[in-house]
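What follows is each chain in one-letter form.
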Amino acid sequence: MMILVTGGSKSGKSSLAESFFDNFSEKKYYIATMQPFGADAQTAIARHQKMREGKGFSTIERCTDLSGIKLSPRCGVLLECMGNLCANEMFRDNAVCDPRDAILAGIAHIRSNSELFVIVTNEVCADGIAYTPETMQYMRYLAKINREIAALADTVIECTAGFPNILKGVIPC
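Residue positions within a chain follow its written sequence, with the count starting from 1. Only residues with pLDDT of at least 70 are given local features in this predicted model, and only at 80 or more are side-chain atom pairs given and counted; all residues enter the totals for whole chains, interfaces and linings. Excluded from the side-chain calculations are hydrogens and water; all other atoms, namely the structure's heavy atoms, are used.

Caption draft 1: Fine view of the overall build of the chain. Along its length, the chain carries five helices and seven strands. Rg of the C-alpha trace for the chain: 15 Å, near the compact-globule value of 16 Å for 173 residues, within the 12% margin. Along the longest, intermediate and shortest principal axes, the C-alpha atoms of the chain span 45 × 35 × 30 Å. A buried classification covers 42% of the 173 residues belonging to the chain. The contact rule is simple, with two residues in contact once any of their heavy atoms fall within 4.5 Å. In the chain, the proportion of contacts linking residues at least 24 apart, taken out of those at least 6 apart, comes to 74%. In these tables, accessible area is a Shrake-Rupley quantity obtained with a 1.4 Å probe, and a residue counts as shielded only by the protein chains included in the view. Entry remark: accessible area of the chain is about 8900 Å², with carbon and sulfur atoms responsible for 54%. Neither His nor the chain ends contribute to the count of charged residues, in which Lys and Arg are positive and Asp and Glu negative. One atom stands in for each charge, and that atom is NZ of Lys, CZ of Arg, CG of Asp or CD of Glu. Side-chain charges of the chain comprise 18 positive and 19 negative groups, with the mean position of each set lying 2 Å from the other. Numbered from the N terminus, helices here are DSSP runs of H or I no shorter than four residues, and strands are runs of E no shorter than two. Radius of gyration: over C-alpha atoms. The globule rule applied is 2.2 Å multiplied by the number of residues raised to the 0.38 power. Burial classification: accessible surface area is computed with a 1.4 Å probe over protein chains only, and a residue below 20% of its type maximum counts as buried, one above 50% as exposed, and the rest as partly exposed.

Caption draft 2: Highlighting the sheet that holds strand β7 (residues 163-168). The strand order β3-β2-β4-β5-β1-β6-β7 describes an open sheet built from seven strands, whose pairing is mixed. Of all the strands in the sheet, the pair left with one neighbour each is β3 (57-61) and β7. Neighbour to neighbour, the strand axes of the sheet diverge by 20 degrees on average, direction disregarded. As judged from the five bridges shared by strand β2 (residues 28-32) and strand β4 (residues 75-80), these two strands associate in the parallel manner. Bridging across to β4, tyrosine 29 finds its partner in valine 77. Lines fitted to C-alpha atoms define the axes here, with helix axes fitted over just the stretch in contact, and angles between the N-to-C directions of these axes take values from 0 to 180 degrees. Sitting on the sheet, helix α4 (residues 100-112) is in contact with β1 (2-7), β2, β4 and β5 (114-120), with an inclination near 140 degrees to β5. Of the strands in this sheet, β1, β5, β6 (155-160) and β7 touch helix α5 (residues 133-152), which is tilted by about 140 degrees from β1. Only strands joined by at least two bridges in the DSSP assignment are considered to pair.

Caption draft 3: Expanded view of the pairing of β5. Of all seven residues that make up β5, six are buried, and the element is covered over most of its length. Note that β1 and β5 share four bridges and pair parallel. The residue of β5 that forms the bridge with valine 5 is valine 120. Two strands pair when backbone bridges link them, and β4 and β5 are joined in this way by six bridges, in the parallel orientation. Residue pairing in the sheet places glycine 76 in a bridge with leucine 116 of β5.

Caption draft 4: Structural context of helix α2 (residues 38-52). In this scheme, a helix's expected span is set at 1.5 Å multiplied by one less than its residue total. With 15 residues, α2 should reach 21 Å at 1.5 Å per residue; the first-to-last C-alpha distance of 22 Å fits that figure. Taken together, the buried positions of α2 are occupied by Ala41, Ala44, Ile45, His48 and Arg52. Take α2 and look down its axis: the buried residues cluster within an arc of 100 degrees, on one side only. Seen from the buried face of α2, the exposed residues on the opposite side, beyond 90 degrees, are Ala39, Thr43 and Lys50. Each C-beta atom gives one direction from the helix axis, and the arc is the one those directions make.

Caption draft 5: Looking closely at the packing of helix α3 (residues 82-90) against α5. The interhelical angle for the contact between α3 and α5, taken along N-to-C directions, is 125 degrees, at an axis separation of 10 Å. It follows from the interaxial angle that α3 and α5 lie oblique. Here the hand of the crossing between α3 and α5 comes out right-handed. Facing Met82, Gly83, Cys86, Ala87 and Met90 of α3, the residues of α5 in contact are Glu134, Gln137, Tyr138, Tyr141, Leu142, Ile145, Asn146 and Ile149. Of the residues contributing to the contact of α3 with α5, the split by class is nine nonpolar, three polar and one charged. Here is the rule for angles: anything less than 35 degrees is roughly parallel, anything more than 145 is roughly antiparallel, 65 through 115 is roughly perpendicular, and the remaining ranges are oblique. What makes a crossing left-handed is the near helix being turned counterclockwise from the far one by less than a right angle; a clockwise turn instead makes it right-handed. Here the term charged refers only to Asp, Glu, Lys and Arg, the term nonpolar to Ala, Val, Leu, Ile, Met, Phe, Trp, Tyr, Cys and Pro, and the term polar to all other amino acids, Gly among them.

Caption draft 6: The arrangement of the pattern of salt bridges in detail. For this analysis, a salt bridge means a side-chain nitrogen from Lys or Arg found within 4 Å of a carboxyl oxygen belonging to Asp or Glu. Using the criterion set out here, one finds seven salt bridges in the structure. Between glutamate 89 and arginine 92 there is a salt bridge; the shortest N-O distance is 3.1 Å. By relative accessible area, which is 4% here, glutamate 89 ends up buried. Judged by its relative accessible area of 33%, arginine 92 falls in the partly exposed class. One salt bridge connects arginine 111 with aspartate 154, and the closest N-O pair in it is separated by 3.6 Å. Residue arginine 111 is found in helix α4, and its partner aspartate 154 is found in the loop between α5 and β6; the two are separated by 43 residues along the sequence. On the basis of relative accessibility, which here comes to 32%, the residue arginine 111 falls in the partly exposed class.

It is worth stressing that arrangement in space is one thing and function is another; only the former is reported here.
Given below as structure tokens:
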């Protein structure tokens with residue numbers, strides 16, 4: 001099963017995504033995509049590590065190239081977060097490139113090697129603000145990736161103020 005969890009910043013999407021693994025008895029991986037640039041990133045990383053403490057996840061720090069990850073059979077994977085991964089792939093090797101093919105190949109790889117796959121992403125393009133051209137391109141790429149993953153996912157959930165709104169499928173028990 002593949003689940004996409006989307007929402008705004010601090011909407012509760014990470015807690016919701018982690019809750020899907022509460023009764024999952026196989027090997028659980030947490031793929032962390034944030035590059036630790038600066039104090040804000042370090043604070044966010046520490047907060048997420050504390051949130052999943054004692055929940056049985058093995059953490060894989062992976063900022064790019066999801067296709068290269070080796071997984072145990074029948075595992076569960078929580079990918080946090082697509083927004084970071086998109087930026088990392090887009091600006092990889094100090095050049096701006098289209099990240100969609102690399103990301104979607106990685107998603108296909110993980111999906112075919114896991115029993116439960118939960119992806120956390122960010123809601124973008126909803127504020128109506130015009131940003132720099134590079135930021136606008138990033139937002140367009142992430143929006144396209146989110147749409148493609150949503151089409152592939154069994155369940156799509158938007159989290160708002162800690163409450164899940166099911167957009168597609170059902171919340172697994």
